[in-house]
Amino acid sequence: MLEIKNYIGGVFQAALDGETLEDYNPATAECIATIPRSKVNDVQMAVDAAHSAQSEWGALSMLERADWLDRIADALEKKHEHIAQTESMDTGKPISLARRVDASRSVSNFRFFAGFSREQSEMTFEMADAMNYVHRSPVGTVGLITPWNLPLYLLSWKVAPALLMGNTIVAKPSEITPLTANILAETLHELDLPSGVFNLVHGLGPEVGQSILEAPGIKGISFTGGTATGRIVARTAAPMFKKLSLELGGKNATIVLKDADLSLAVDGAVRAAFTNSGQVCLCGSRILVDSAIAEEFTKRFIEKVNSISIGNPSLDETVMGSVISPEHLEKVESYIELGLAEGGTVLTGGTRAMTGFTGPDGVGAFLRPTVVSGLSYTSRCATEEIFGPMVTLHTFDSEEEAIVMANHSEYGLAGSVWTKDLERGRNFATKIDTGIVWVNTWLHRDLRTPFGGVKNSGVGREGGKWSMEFFSEMTNICVKNPDSPE
Ligand code: NAD
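Novice: Even after reading the chapter, I still don't get the pairing of strand E12 (residues 243-247), so can you show me in this structure?
Specialist: It is a general feature of regular strands that their side chains alternate between the two faces of the sheet. As paired elements, strand E11 (residues 220-224) and E12 share 5 bridges and run parallel to each other. Bridging across to E12, Ile221 finds its partner in Leu244. For the crossover from E11 across helix H8 (residues 227-237) to E12, the handedness is right-handed. Sheet topology places E12 next to strand E22 (residues 458-459); 2 bridges connect them, and they run antiparallel. Bridge pairing in E22 places Glu247 opposite Gly458.

Given below as structure tokens:
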């Protein structure tokens, strides 16, 4: 069993009061690690360490820091398989997904920001009698708080631009999936990143997370997690005028228009619904289909869902692993019951998966991919974020109706539209109140593009220049031409 430590000021150390928490593999119900249950004193120690490192790190040029990012990417790439195995064990996700998505993106996040920064030119604005130069400085010490569904992928998505722009970091990974953040800390330590530039404090959200939000020495908070927690983050940090980036929940629609290429749409809808057991904020958990093609679409969709191989996450052929925890399994099950109570019909799934796979400590948190139809698009199952392997299927009779249904949500993170007419798809996309719309694809990411949500899905954008802006302060320096009259 692993004994994970905090990483503060370049030193791996236990929580100051020695308390620990247990970390489980949800596919085997096995306790795989202990982590420090840190408190406000540990966070303060990390903030102090970050402050001590700030001036030296902030004084490097962006190009020097970009070289650091490349070094980090190279070092993580050498650990690709180790990261994938660890992420799979900590989250219950299949190893193939952990390799293809989690481990690969964690490397490419660093490599992307290094390369992207080298393409940037200085921002200047010329006047007839003066020149404006936009100078970027670090924000200072920033707090990075991340969820359990894509642990290192999302942490590295924040760490890379934060380091690039010269900030020092106090990071807190989810207490449910702390292991790959520790691999990142080990990697930075092996690379001799100056002490205090990156600090990692493990523990519970209301203890460590809250202490990060409240620490006066932390000048910016980049948070990814649930909307309810996002409210606490905003409530705590906004009155302190901290810079805030909030990437929150979603209830995304997959919209299949009458003229869609059906096999493409079916494949896409299944991927959008059940990747990572439906535990991706971008997952399409509401499927809206034109009634003219609904029967054929549904038949093919269910066939495809039934072919998903679910079971032991460490086997190459497994497509779906467990959900994140027994508690989360029960939450998703409660929504299946609610769906039935709301008048829905379970077309497939609805029960715990009989995977034949049992870990040493019992049965893991496996649920069959579940499709419910017959519910109103205003029902609780169709409007609340379930964040698991359960989707609802709805039909519409006109595009206008589809738009009303898609927009009937307190969330607005992402969505996809399926049509052979690309112009129609683009036009349709502009009418959905959301941060990202894919036409004939899903989770196709160019890291230069803005990423983020509207409504209760968040505030601000990450990606490319948006991340660089969030993690820096800009000073406009206006230099008057001495030869021009005042
Ligand atoms: P969560 O909000 O419960 O936890 C996220 C992080 O916040 C964890 O590290 C947690 O410990 C911490 N936290 C909890 N209480 C806190 C507090 N009072 N102060 C500070 N930090 C606190 O979310 P989760 O269950 O880990 O993740 C699932 C959620 O994340 C879903 O809603 C999903 O949609 C969302 N998510 C959003 C995106 C996005 O980019 N928009 C990406 C991934 C996940």
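Back to the text.
Novice: How do you make sense of the sheet that holds strand E4 (residues 20-25) when you look at a structure like this?
Specialist: Strand pairs in the sheet, formed through backbone hydrogen bonds, run parallel or antiparallel to each other. With respect to topology, 3 strands assemble into an open sheet ordered E1-E5-E4, the strand pairing being mixed. Only two strands of the sheet have a single neighbouring strand rather than two, namely strand E1 (2-3) and E4. Note that E4 and strand E5 (residues 30-36) share 6 bridges and pair antiparallel. Each bridged residue has a counterpart across the sheet, and for Glu22 the counterpart in E5 is Thr34.

Novice: Before we go on, may I ask you to explain the nonpolar core in this structure?
Specialist: The tendency in soluble globular proteins is for nonpolar side chains to be buried as a group. Counting 47 residues, the largest nonpolar core has Leu69, Phe110, Val159, Ile169, Leu184 and Phe198 as the members making the most contacts within it. Considering every element that reaches this core, the biggest residue donor is helix H4 (residues 95-118), with 9 residues. With near-sequence residues (within four places) excluded, Phe198 lies in contact with Tyr7, Val159, Ile169, Ala171, Leu184, Ala185, Leu188 and Leu193. Counting 23 residues, the second largest nonpolar core, distinct from the first, contains Phe274, Ile287, Phe297 and Leu393.

Novice: Would you mind going over the domain arrangement of the chain with me for this structure?
Specialist: It is common to report an interface's size as the accessible area lost on association of the parts. Splitting the chain by domain gives domain 1 (2-248 + 457-476) and domain 2 (252-439). Contacts between the two partners involve 25 residues from domain 1, matched on the other side by 32 residues from domain 2. Between the two partners, domain 1 and domain 2, sit 1 salt bridge. With a shortest N-O distance of 3.0 Å, Asp316 and Arg99 are connected by a salt bridge. The tally of links between domain 1 and domain 2 comes to 8 residue pairs in polar contact (both at pLDDT 80 or more). Elements supplying a minimum of two residues to the side of domain 1 that touches domain 2: E5, helix H3 (80-91) and H4. When residues of the side of domain 1 that touches domain 2 are assigned to their parent elements, the largest contribution, 4 residues, is made by H4. For the side of domain 1 that touches domain 2, a count of residues per class yields 11 nonpolar, 9 polar and 5 charged.

What counts and how
Residues numbered from 1 in each chain as written. Predicted model: local features only at pLDDT ≥ 70, side-chain atom pairs only at ≥ 80, totals over all residues. Heavy atoms only, no water. Pairing = 2+ DSSP bridges. Helix = DSSP H or I, 4+ residues; strand = E, 2+ residues; numbered from the N terminus. Right-handed = clockwise from strand over helix to strand, strands pointing away. Core = buried A, V, L, I, M, F, W, Y, C linked by side-chain atoms within 4.5 Å. Buried < 20%, exposed > 50% of the residue type's maximum accessible area, 1.4 Å probe, protein only. Contact = heavy atoms within 4.5 Å. Domains from an automatic or database assignment. Salt bridge = Lys/Arg side-chain N within 4 Å of Asp/Glu carboxyl O. Polar contact = N/O pair within 3.5 Å; in protein donor to acceptor, adjacent residues only side chain to side chain. Nonpolar A, V, L, I, M, F, W, Y, C, P; charged D, E, K, R; others polar.

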